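Each chain, written out:
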Amino acid sequence: MGNDIARQFAHLPYDKATAAIATHLRTFWDPRMRNALRRAVAAGDSDVDPLLRDATAKL
Amino acid sequence: MTYVPEADLGTPAGRGTETVRVTVDGRTVEVSAGTSVMRAAGEAGINVPKLCATDSLEAFGSCRMCLVEVDGVRGTPASCTTPCTDGMVVTTQSDELGRLRRGVMELYLTDHPADCAGCARGNCEMQALAATVGVAEVRYPRREPARQHASYDETNPYFAYDPAACIVCSRCVRACAETQGTFALTVAGRGLESAISPGGTDFLSSECVSCGACVQACPTSALTEKSVIDLGMPTRAVDTTCAYCGVGCSFRAEVQGQGDGTRVVRMIPSKTGGANEGHSCVKGRFAYGYAHHPDRQLHPLVRDSIDDEWRVVTWEEAIAKVASGFKAIQDEYGIGAIGGISSSRCTNEEVYVVQQMVRAGFGNNNVDTCARVCHSPTGYGLKQTFGTSAGTQDFASVADADVILLIGANPTDAHPVFASRMKRRLREGARLIVADPRRIDLVRSPHVQAAYHLPLQPGSNVAFVNAMANVAVTEGLYDAAFLRERCENVDGYLAFIADPQHSPESVEPITGVPAATLREAARLYASARNSAIYYGLGVTEHSQGSTMVMGMANLAMVTGNIGRRGVGVNPLRGQNNVQGSCDMGSFPHELPGYRHISGDDVRAIYEQRWGRVLDPEPGLRIPNMFDAALTGTFRGVYIQGEDLAQSDPNTQHVQAALRAMDLVVVQDLFLNETARLAHVFLPGTSFLEKDGTFTNAERRINRVRPVFPPRQGKDEWQITCEIAQAMGYPMRYENAAEIMDEIAATTPTFAGVSFAALDAEGSMQWPVTAAAPHGTPTMHVGGFVRGKGLLVETVYVPTTERSNRRYPLILTTGRILTQYNVGSQTRRTDNNAWHLEDILEIHPADAEMRGISTGDLVQLSSRVGSTTLRARVSSRMPPGVVYTTFHHPVTGANVVTTENSDWATNCPEYKVTAVQVGVANARGETDLEAERRRAGVEYAHTP
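These figures come from a predicted structure and were not determined experimentally.

### Section: the sheet that holds strand 4 (residues 89-91) of chain B
Residue and element names in this part refer to chain B.
Line of reasoning, step 1. Strand order in the open sheet formed by four strands is 2-1-4-3, and the pairing between neighbours is mixed. What marks the edges here is a single partner per strand, and that holds for strand 2 (27-32) and strand 3 (69-70).
Line of reasoning, step 2. In this structure, strand 3 lies alongside strand 4, joined through two bridges in antiparallel fashion. Its bridge partner lying in strand 4, Val 70 is registered against Val 90.

Have a look at this one:
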């Protein structure tokens, strides 16, 4: 799901893309989903899209 | 209460903008130019005798009963075909007119049975009219036209055709043509041999779609509802709203008896209904019997484990079990471990209190609605681009469209009453572009021929709509002035969309549509005076559903097709109250009126009224609830009127999630597939028992009025309130009107709405505000709700669900005319006469390759599951794509659909599932198990 969102914004410049992804996650995702994503990123989950990973830092 | 039929003024209202004054029998009346003398007389309270005229049809002028005298005019013209002119003086009663009418009536009576059952019953006008015009006896010998000996046709489950009672006035033939647009009926033969014929066969075998327009138009008892034959005529009527699709037709429920003893005799579409203007479809008109089906559950049921038998309990015990169970879960697992799901088949008032219970009573925002699986991308896409989550037009607007772009929708099956409006406009000359993998009926049907059928490859919508906009921009067909004045991100979007990667030639390999054809279609759309987009779930139920909605909004803005009649972007909503349930704050991130939960000012409105502090963070959506259930953080759910286990994708995943929960509460009419996994069943009410409002796809708020009291003893909003109260949150309303008053007080777009206002106006389209006290048929006139319309760069991102060697076909799913969604209502009616099982449609080449013939049992498999169903080889499918419906739990079509969903909203990608199809020798074990279960659940446990 998070990767799907990242793919939609991948055409934007990096800063804009990560900001847009983070905004989307804040607007529509339940906190426990965002926390799960943070944990996956912290654990170095290789399935997480790099753009999504970087966006997570802006949550 | 005395039964009074709706008035029939004989011919439609005049369409002129200017008015004329005429005097009829000494009474002066002002009517719009073009109004017939017959109608003007009717508006003056004078009833001119008629047989071939009715106000739902254009004047025909054949029966000669409606003759009148006009000062200065020779002879006695037919009042139905004579338009009013200013200063006209009309006489409807004179000795000469009486003599002429009696003569005509006598001739009609020579053909009409003297012992007509309809005349005795009261649904045949002949004897009453004879008395009105003064015919006591007929001077001529009785004739026996051939139709007097023709077969009585009762093949249609809902109405009978008695040729002997027919006077061949052609009202039924014209209703089928003008009102419904099916052209199934004709007058066969000449003179005494003439008779109404459904195409040389019986009604059930004919092209008839059973909309009921012919029955409604018939002035005799030749076409009569079987319910009227069985029960007799109604004794009272209640104005209410249909509970099937998002057209939201207004009906008169015509009934006998009072209170619990009420029997519905028939449902008659209201001429004054803003959505339907007197028309109906087979579901709304006839398929209401489920409300009294023996499967209906009328008592609360509980059990400790889903493996236990149900136990009938009192309401108090059931509600206490729900409240204590939910509180225990929250005590152990936290506030966010429970949630609620509301239904688009419930009223605005019912879904409003569900989100209130969750937000204020449960203390979290884990509330969602079944719009999640249909039009949630519409909400997202139109909010982003236009500023509000709703269609832009009223249905009547289509009458001003010159080009109609229909994308991913099949209105003749799924929104039939709107389809009739659309077909009427197409017969007048509007051009139609159909973008759909299947050759739906509107591509070519009687008197309708689409200018273009673009059979898109499933999953290529965004590439398609971008190409349409690319042509408009690169060929200079865009509206530069509109963009400059009304939109933002204009330069960025124009540069994006003009890129050759979006050209029809570039996307041809993706869409499968020849570039030249797409170019021509784009030119047609972009060049017309008024072009309108109508769309359905073929747009939203994709991994890029939200992007596609924004793409369509882009296309409409680029070509200036927003903000007036005849244009716009119009979602055809699946269920009667999808719009309303979304309006009422049923999404976890939004309070009523589409205001985000993080807004301090908005939360403060509700915190003050509800007396609780609200969580500013969004809650879980339905698919998130399932995922969280499987990880153990979500353990209890209240499900109001949605059969998740049948309607949601990847059935095994849904079932596993429900099994993982400690407390599943289902509130519904029937013990459905989801109830099989529930611990508490709370019986709900049908639309015939509800008091409230529905909001249809054109934002029209219609009253739903109770025809009889709740059969299980409680209103559904009351059940929700009692659960909240039992959990310690004081939530009380005296009645549904009070709930609407709160909605109006807290939601700016509903500010002027109340039951009293709706009763006075008939219906209102939101926004209903001080500036628009009667509602807003067309949105974004002069400016968008968000200020300027936002042009979004809609990049095409292919779905990850693709055909491959193992699953080489793409499955897409949809609805059929006679059944409705999971079928829990329509399967319990005689609509099964048309559709008893789900069928897999497959292209002849794909079928031949697999040795499949029509009628064969086939196995349908995807990477998540398989099922068996019967096949129909159909050239309306493109090669590589198969199609089925999801109306029958035995089929379990969602056993094969996957977890893929729209990136923005989680709306499931029902329209793209990679599958394989092969001949099956027998029903699969999954199906047999489902069949066994269903038999057990639905019948064995009926208390």
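### A word on the environment of B:Met38
All names here are of chain B.
Line of reasoning, step 1. Structurally, the position occupied by Met 38 is in helix 1 (residues 37-43).
Line of reasoning, step 2. Spatially, the C-alpha atoms of Met 38 and Ala 53 are 9.3 Å apart, while their sequence positions differ by 15 residues.
Line of reasoning, step 3. Those residues in contact with Met 38, other than ones at most four positions away along the chain, are Leu 9, Gly 10, Thr 11, Pro 49, Lys 50, Ala 53, Cys 66, Ser 79 and Cys 80.

### So, the nonpolar core
Residues and elements named next belong to chain B.
Line of reasoning, step 1. Grouped together as the largest cluster of nonpolar side chains are 71 residues, with contacts concentrated most on Leu 223, Leu 406, Tyr 534 and Leu 688.
Line of reasoning, step 2. Here this core takes four residues from helix 13 (residues 416-427), the largest share from any one element.
Line of reasoning, step 3. Excluding residues that lie within four positions of it along the chain, Tyr 534 makes contacts with Ser 397, Val 398, Ile 404, Leu 405, Leu 406, Ile 407, Phe 418, Met 422, Asn 570 and Leu 572.
Line of reasoning, step 4. By size, the runner-up hydrophobic cluster in this structure holds 63 residues, among which are Trp 315, Val 322, Tyr 638 and Val 680.

### Focus: the packing of helix 14 (residues 461-474) of chain B against helix 17 (residues 504-511) of chain B
Residue and element names in this part refer to chain B.
Line of reasoning, step 1. Two elements in contact, helix 14 and helix 17, have axes whose closest approach is 10 Å; the angle formed by their N-to-C orientations is 165°. The orientation of helix 14 relative to helix 17 falls into the category roughly antiparallel. Our pair here, helix 14 against helix 17, has a crossing hand that is left-handed. Here Ala 463, Phe 464, Ala 467, Asn 470 and Val 471 of helix 14 come into contact with helix 17, specifically with Pro 504, Val 507, Ile 510 and Thr 511.

### Focus on the packing of aromatic side chains
All names here are of chain B.
Line of reasoning, step 1. Inspection of the entire model under this criterion finds 20 aromatic pairs over all chains.
Line of reasoning, step 2. Considering the side-chain rings of Phe 159 and Phe 286, the 6.3 Å spacing of their centres and the 35° angle between planes classify their relative orientation as tilted. Pair noted here: Phe 159 is in strand 5 (residues 159-161) and Phe 286 is in helix 8 (residues 282-286), with a separation of 127 residues, a long-range link. Of the two residues, Phe 159 and Phe 286, neither departs from the other in class, the shared state being buried.
Line of reasoning, step 3. In this structure an aromatic cluster arises from ring pairing among Tyr 158, Phe 159, Tyr 161, Phe 203, Phe 286 and Trp 834.
Line of reasoning, step 4. The lysine or arginine in question, Arg 303, covers the ring of Trp 310, its NZ or CZ lying 3.9 Å from the ring centre.
Line of reasoning, step 5. Above the ring of Tyr 883, the side-chain terminus of Arg 438 is found at 3.6 Å from the ring centroid.

### Let's talk about the confidence of the model for chain B
Residue and element names in this part refer to chain B.
Line of reasoning, step 1. Chain-level pLDDT for chain B is 94 on average; 97% of the residues reach the 70-or-more range.
Line of reasoning, step 2. Contacts for the low-pLDDT stretch residues 933-943, under 50 throughout, to residues beyond four places or in other chains number 27 contacts.
Line of reasoning, step 3. Across the interfaces of the predicted complex, the ipTM metric reaches 0.97, alongside a pTM of 0.95.

### Regarding the pairing of strand 35 (residues 857-861) of chain B
All names here are of chain B.
Line of reasoning, step 1. Buried residues dominate strand 35, accounting for four of its five residues.
Line of reasoning, step 2. As paired elements, strand 35 and strand 36 (residues 866-873) share five bridges and run antiparallel to each other. Following the sheet pairing, Leu 860 is matched in strand 36 by Thr 867.
Line of reasoning, step 3. Connecting strand 35 to the antiparallel partner strand 36 that follows it, the hairpin turn spans four residues.
Line of reasoning, step 4. Bridge count for strand 35 against strand 38 (residues 913-919) is four bridges, and the pairing is antiparallel.

Reading guide: rules and limits
Residues numbered from 1 in each chain as written. Chains lettered and ligands numbered in written order. Predicted model: local features only at pLDDT ≥ 70, side-chain atom pairs only at ≥ 80, totals over all residues. Heavy atoms only, no water. Pairing = 2+ DSSP bridges. Helix = DSSP H or I, 4+ residues; strand = E, 2+ residues; numbered from the N terminus. Contact = heavy atoms within 4.5 Å. Core = buried A, V, L, I, M, F, W, Y, C linked by side-chain atoms within 4.5 Å. Buried < 20%, exposed > 50% of the residue type's maximum accessible area, 1.4 Å probe, protein only. Axes fitted to C-alpha atoms, helices over the stretch in contact; angles between N-to-C directions. Parallel < 35°, antiparallel > 145°, perpendicular 65-115°, else oblique. Left-handed = near helix turned anticlockwise from the far one by under 90°. Phe/Tyr/Trp six-rings, centres within 6.5 Å; stacked < 30°, edge-to-face > 60°. Lys NZ or Arg CZ within 6 Å of the ring centre and 35° of its normal. pLDDT = per-residue confidence, 0-100.

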